[in-house]
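The primary structure of each chain is shown beneath.
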Amino acid sequence: MYLTNRFLLCMFALGLFNNSSALASTTEGGKMNDNSWNTHYFGRFEISLPRGSEVSADYKLFNENLELISKNGKSQIRNSVDQKVEELKKGRAIGTPTFYEKTVPLDNGSVLIISRLNKFRTFNVYLLTSKNTLYHMMANNISEEGLEGGIEKMRMLSNAIYFRPPQEAPPRGGFAIEAGYTMLDNDKFFETIYMGAQIAGHPGTYVSLLTKSILTQEDSLIKRFEQRQYDEAIGELVNSGAVKTLRKRERVVNNIKTEEVAVSARTDGKQFYAFQIEYAGTIESNTRPYIALELGTHDKGSDFKTDEEALKFWDQVVDSLKPLP
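Small disclaimer: the values here were computed from a predicted structure and weren't measured.

A.B. asks: What is the right way to read the overall build of the chain from this model?
C.D. replies: Check the secondary structure of the chain and you find six helices and 19 strands. Long-range pairs, those at least 24 residues apart, make up 59% of the contacts in the chain between residues at least 6 apart in sequence. With the model as given, the accessible surface of the chain reaches about 15200 Å², and the carbon-plus-sulfur share is 47%.

If you want it as structure tokens, here you go:
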């Protein structure tokens, strides 16, 4: 359940940080006192990071990945649909062993392709906004009993997805996605965002953010830390040798009661940090989801000159994390 630096390493391996279409939304100047920081919008939250940081994010709705595939959707959707249907008919569609069953037109020009293997279906839905952006979502293992309800969910989503200029926050109640937002009913469908950022000006430092709807709460961050059930970033430092605990406390972040753990270690002449805040989340709530914000250090080590400097930077990131209206 917990986000670790493995997510960041995976994104580097996939080359997402070199893909300009994957960059998260930003506002020039942001809302920080320092004009060199930008504000980014992810899901139902905003956060500020140094300008020029390489940022990428993944988004999930209904526990399925939602991906922006084109900013020229009206001209591309027919080719995308035809290609997917052809792949399914020939049994070569990536990510599913199912075969084409039927195509269901949705509202606003969106299209749902249904494929089938035995009793289970797979959905490939192409969602077109009025401003020409095109998104794709694939959902597997749809049962016979869930088929009609699943189709209705896709129809609801096709009516609730919109374009958003990167520099603007979503409207009240919106869930920010790449180049857009959705307006599904609050707390009715699960939402997740994963964000990773390589920090400009600090080449050894990354920041990551996870928010997700939950059905159950896990042990708290401090309890896991005290019981030595370390998350990966902290566990790596503990295993490396002498670790100094800089903080272990409760912390209120823009009216959200979180827990904070911050540790440091020096090994092989390099300085390493693992800072975390975590909010346990309200069960079945999208507006108060589980939150994990982390700052970590790559293998090259940190360039912060002192623990105090690292913590000051961390505090600026943490204090910028705010729920959207």
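A.B. asks: Looking at this structure, I do not really get the environment of Arg-172. What am I missing?
C.D. replies: Here Arg-172 lies in the loop between strand E10 (161–163) and strand E11 (175–177). As for Arg-172 and Arg-44, which are separated by 128 residues in sequence, their C-alpha atoms are 9.5 Å apart.

A.B. asks: I tried to follow the sheet that holds E10 on my own but got confused; where do I start?
C.D. replies: Sheets are built from strands that pair by backbone hydrogen bonding, the pairs being arranged parallel or antiparallel. Strand order in the open sheet made by the three strands is E10-E12-E11, with antiparallel pairing throughout. A single partner strand is all that each edge strand has here, and the edge strands are E10 and E11. Each neighbouring strand pair of the sheet contributes to a mean axis angle of 30 degrees, computed without reference to strand direction. Where E11 meets strand E12 (residues 180–182), three bridges bridge the pair, whose relative direction is antiparallel. Paired with Ala-176 across the two strands is Tyr-181, which belongs to E12.

A.B. asks: In this structure, what is going on with the pattern of salt bridges? I would like to understand it.
C.D. replies: When charged atoms on two side chains of opposite charge get close, those side chains can pair. Evaluation of the coordinates by the stated rule reveals 20 salt bridges. Linking Arg-224 and Glu-278 is a salt bridge whose minimum nitrogen-to-oxygen distance equals 2.9 Å. Residue Arg-224 is located in helix H4 (residues 221–226), and its partner Glu-278 is located in strand E17 (residues 270–279); the two are separated by 54 residues in the primary sequence. Classification of Arg-224 as buried rests on a relative accessible area of 5%. Salt-bridge contacts for Lys-244 lead to Asp-307; the nearest nitrogen and oxygen are separated by 2.9 Å. Here Asp-307 lies in helix H6 (residues 307–320) and Lys-244 lies in strand E15 (residues 243–253), a separation of 63 residues in the sequence. Here the residues in one salt-bridge network are Arg-247, Arg-249, Arg-251, Glu-260, Asp-315 and Asp-319, joined through shared partners.

A.B. asks: For this particular structure, what's the right way to read the sheet that holds E15?
C.D. replies: Here we have 12 strands laid out as an open sheet, ordered E6-E7-E8-E9-E5-E4-E13-E14-E18-E17-E16-E15, and antiparallel in their pairing. Two strands lie at the open edges of the sheet, namely strand E6 (99–105) and E15, each paired on one side alone. If you compare each strand with its neighbour and ignore which way they point, the axes differ by 20 degrees on average. Contacts from helix H2 (residues 73–90) reach strand E5 (64–70), E6, strand E7 (111–117), strand E8 (120–128) and strand E9 (134–142) within the one sheet, and its direction differs from that of E8 by about 165 degrees.

A.B. asks: Would you mind showing me how to read the pairing of E9 here?
C.D. replies: If a strand is regular, its side chains alternate between the two faces of the sheet. Where E5 and E9 come together, four bridges link them in antiparallel fashion. Looking across to E9, one finds that Ser-70 is bridged to Leu-134. With seven bridges connecting them, E8 and E9 associate as antiparallel partners. Counted as the bridge partner of Asn-124 is Met-138 from E9.

A.B. asks: How do you make sense of unusual backbone geometry when you look at a structure like this?
C.D. replies: For residues besides glycine, phi is generally negative; the peptide bonds are generally trans as well. Positive phi, normally seen in glycine, also occurs at Asp-268, with a value near 55 degrees. Structurally, the position occupied by Asp-268 is in the loop between strand E16 (256–267) and E17. Look at Glu-284: it is not a glycine, yet its phi comes out positive at around 60 degrees.

A.B. asks: Any chance you could explain helix H3 (residues 147–158) here in plain terms?
C.D. replies: Along an α-helix, a turn takes 3.6 residues, which lines up residues three or four apart on a common side. Counted at 1.5 Å a residue, the expected span for H3 with its 12 residues is 16 Å, and the 17 Å between its end C-alpha atoms agrees. Buried within H3 are the following residues: Leu-147, Gly-150, Ile-151, Met-154, Leu-157 and Ser-158. An end-on view of H3 places all buried positions within 120 degrees of arc, on one side of the element.

A.B. asks: Whenever I open this one, the nonpolar core confuses me. Can you help?
C.D. replies: A general tendency of soluble globular proteins is for nonpolar side chains to be buried together. Within the largest apolar cluster, 58 residues are counted, with the highest numbers of intra-cluster contacts made by Leu-112, Phe-123, Met-195 and Leu-293. With residues up to four places along the chain from it excluded, the contact list for Phe-123 reads Leu-112, Ile-113, Ile-114, Met-137, Met-138, Ala-139, Ile-142, Leu-147, Gly-150, Ile-151 and Met-154.

A.B. asks: Where do I start with the environment of Met-195 in this structure?
C.D. replies: With respect to the helices, strands and loops of the structure, Met-195 is situated in strand E13 (residues 191–198). The class of Met-195 is buried, set by a relative accessible area of 0%.

What counts and how
Starting afresh in each chain, residues are numbered from 1 along the sequence in its written order. Only residues with pLDDT of at least 70 get local features here, since the model is predicted, and only at 80 or more are side-chain atom pairs given and counted; chain-wide, interface and lining totals rely on the full set of residues. Excluded from the side-chain calculations are hydrogens and water; all other atoms, namely the structure's heavy atoms, are used. Each helix is a run of DSSP H or I of at least 4 residues and each strand a run of E of at least 2, with the numbering of both proceeding from the N terminus. Here, two residues are considered to be in contact whenever any of their heavy atoms come within 4.5 Å of each other. Each accessible area is a Shrake-Rupley result for a 1.4 Å probe, and residues are judged covered by the shown protein chains and nothing else. In short, DSSP must find at least two bridges between two strands for them to pair. Angles shown run from 0 to 180 degrees and are taken between the N-to-C directions of axes, each axis being a line fitted to C-alpha atoms and, for helices, limited to the stretch in contact. Within this document, salt bridges are pairs made up of a side-chain nitrogen of Lys or Arg and a carboxyl oxygen of Asp or Glu, the two lying within 4 Å of each other. Relative accessible area decides the class of each residue, using a 1.4 Å probe on protein chains only: under 20% of the type maximum gives buried, over 50% gives exposed, and in between gives partly exposed. To estimate the expected span of a helix, count its residues, drop one, and scale the result by 1.5 Å. Note: the arc covers the axis-to-C-beta directions of the helix. What we call a nonpolar core is a set of buried Ala, Val, Leu, Ile, Met, Phe, Trp, Tyr and Cys residues that are connected through their side-chain atoms within 4.5 Å.

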